[in-house]
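# Results of the structural survey
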Amino acid sequence: MGYRHTQVGGVMLALFVLVGAMLVGLMLPMWSRGRTFSVLLTTIIFILFVSTFSTLTVEVGDGKLAFRFGIGLYGRSYPLADIQSVCEVHNPWYYMWGVKLVPGGWLYAVGPGSAVEIIFSNGKQIRLGTDDPAGLRTAIEAWIR
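Only a predicted model underlies this, so the values are computations on that prediction, with no experimental measurement involved.

Definitions and cut-offs
- The numbers attached to residues start from 1 for each chain and follow its sequence in the written order.
- Thresholds applied to this predicted model are a pLDDT of at least 70 for local features of residues and 80 or more for the giving and counting of side-chain atom pairs; totals over whole chains, interfaces and linings are not thresholded and use all residues.
- Calculated side-chain values reflect all of the structure's heavy atoms, with hydrogen atoms and water omitted.
- Helix and strand assignments come from DSSP, with helices taken as H or I runs of at least 4 residues and strands as E runs of at least 2, each series counted from the N terminus.
- Being paired, for any two strands, means DSSP has found at least two bridges between them.
- Note on geometry: axes are C-alpha line fits, over the in-contact stretch for helices, and angles between N-to-C directions span 0 to 180 degrees.
- Contacts: residue pairs with any heavy atoms within 4.5 Å of one another.
- We define a salt bridge as a contact between a side-chain nitrogen of Lys or Arg and a carboxyl oxygen of Asp or Glu at a distance within 4 Å.
- Burial classes: relative accessible area under 20% of the type maximum marks a residue as buried, over 50% as exposed, and values in between as partly exposed (1.4 Å probe, protein chains only).

## Some details on the environment of Pro-29
Along the polypeptide, Pro-29 turns up in helix H1 (residues 10-32). Remark: the alpha-carbon pair of Pro-29 and Gln-84, spanning 55 residues in sequence, is separated by 56 Å.

See below:
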């Protein structure tokens, strides 16, 4: 791969720590009452969620644009030949983060702010949140020209 960058969602991690602390406070009484299964299941789900959505890795090379969240449970890949244009954008604060449908297409992000908007030759559009928009745009442009 020619370009590879991982963004750590700092706000997302802080939110997870806060929610995790609240869960511990709620789960301790359940643990003492013998509800071990409920506590373990909640803990496992929380850890999977955090490990899946706390980072976003983007790779450009070998004829494809690929990205995946966290440990790789969710990701996508697109042929670079299908990309028509790419530009740096700044997401409005209310787009926040996550995987969601926004006006024009899908947003994939682990933090608010900068992103790269990618328009495909079929009209499909996505936004990839990144803390390195210039690097990602340059890497994609090098392959599509």
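That shown, we press on.
## Re the sheet that holds strand S2 (residues 55-61)
In space, the 4 strands of this open sheet follow the order S1-S2-S3-S4, with antiparallel pairing throughout. Single-partner strands in this sheet number two, and they are strand S1 (3-8) and strand S4 (74-79). Going across the sheet, the axis of each strand differs from the next one's by a mean of 10°, ignoring polarity. Lying over the sheet, helix H3 (residues 133-144) contacts S1, S2 and strand S3 (64-69), oriented at roughly 25° with respect to S2.

## Some remarks on the pattern of salt bridges
As a working rule, side chains carrying opposite charge can pair if their charged atoms are close by. Applying the stated criterion to the full structure yields 5 salt bridges. In this structure, Arg-4 engages Glu-59 in a salt bridge whose closest nitrogen and oxygen atoms are separated by 2.8 Å. Taken together, the residues span a long stretch of sequence, with Arg-4 in strand S1 and Glu-59 in strand S2 at a distance of 55 residues. Residue Arg-4 is classed as exposed on the basis of its relative accessible area of 52%. A relative accessible area of 14% places Glu-59 in the buried class. Between Glu-59 and Arg-68 there is a salt bridge, with its nearest N and O atoms 3.7 Å apart. By relative accessible area, Arg-68 is classed as partly exposed at 27%.

## Thoughts on the sheet that holds strand S6 (residues 98-102)
What the 5 strands build is an open sheet, ordered S5-S8-S9-S7-S6; its pairing is mixed. With partners counted over all chains shown, the strands left at the sheet margins are strand S5 (83-90) and S6, one partner each. Taken pair by pair, the neighbouring strands of this sheet meet at an average axis angle of 20°, ignoring direction. Sitting on the sheet, H3 is in contact with S5, strand S8 (114-120) and strand S9 (125-129), with an inclination near 170° to S5.

Geometric descriptors of this kind do not, in isolation, establish any biological role.
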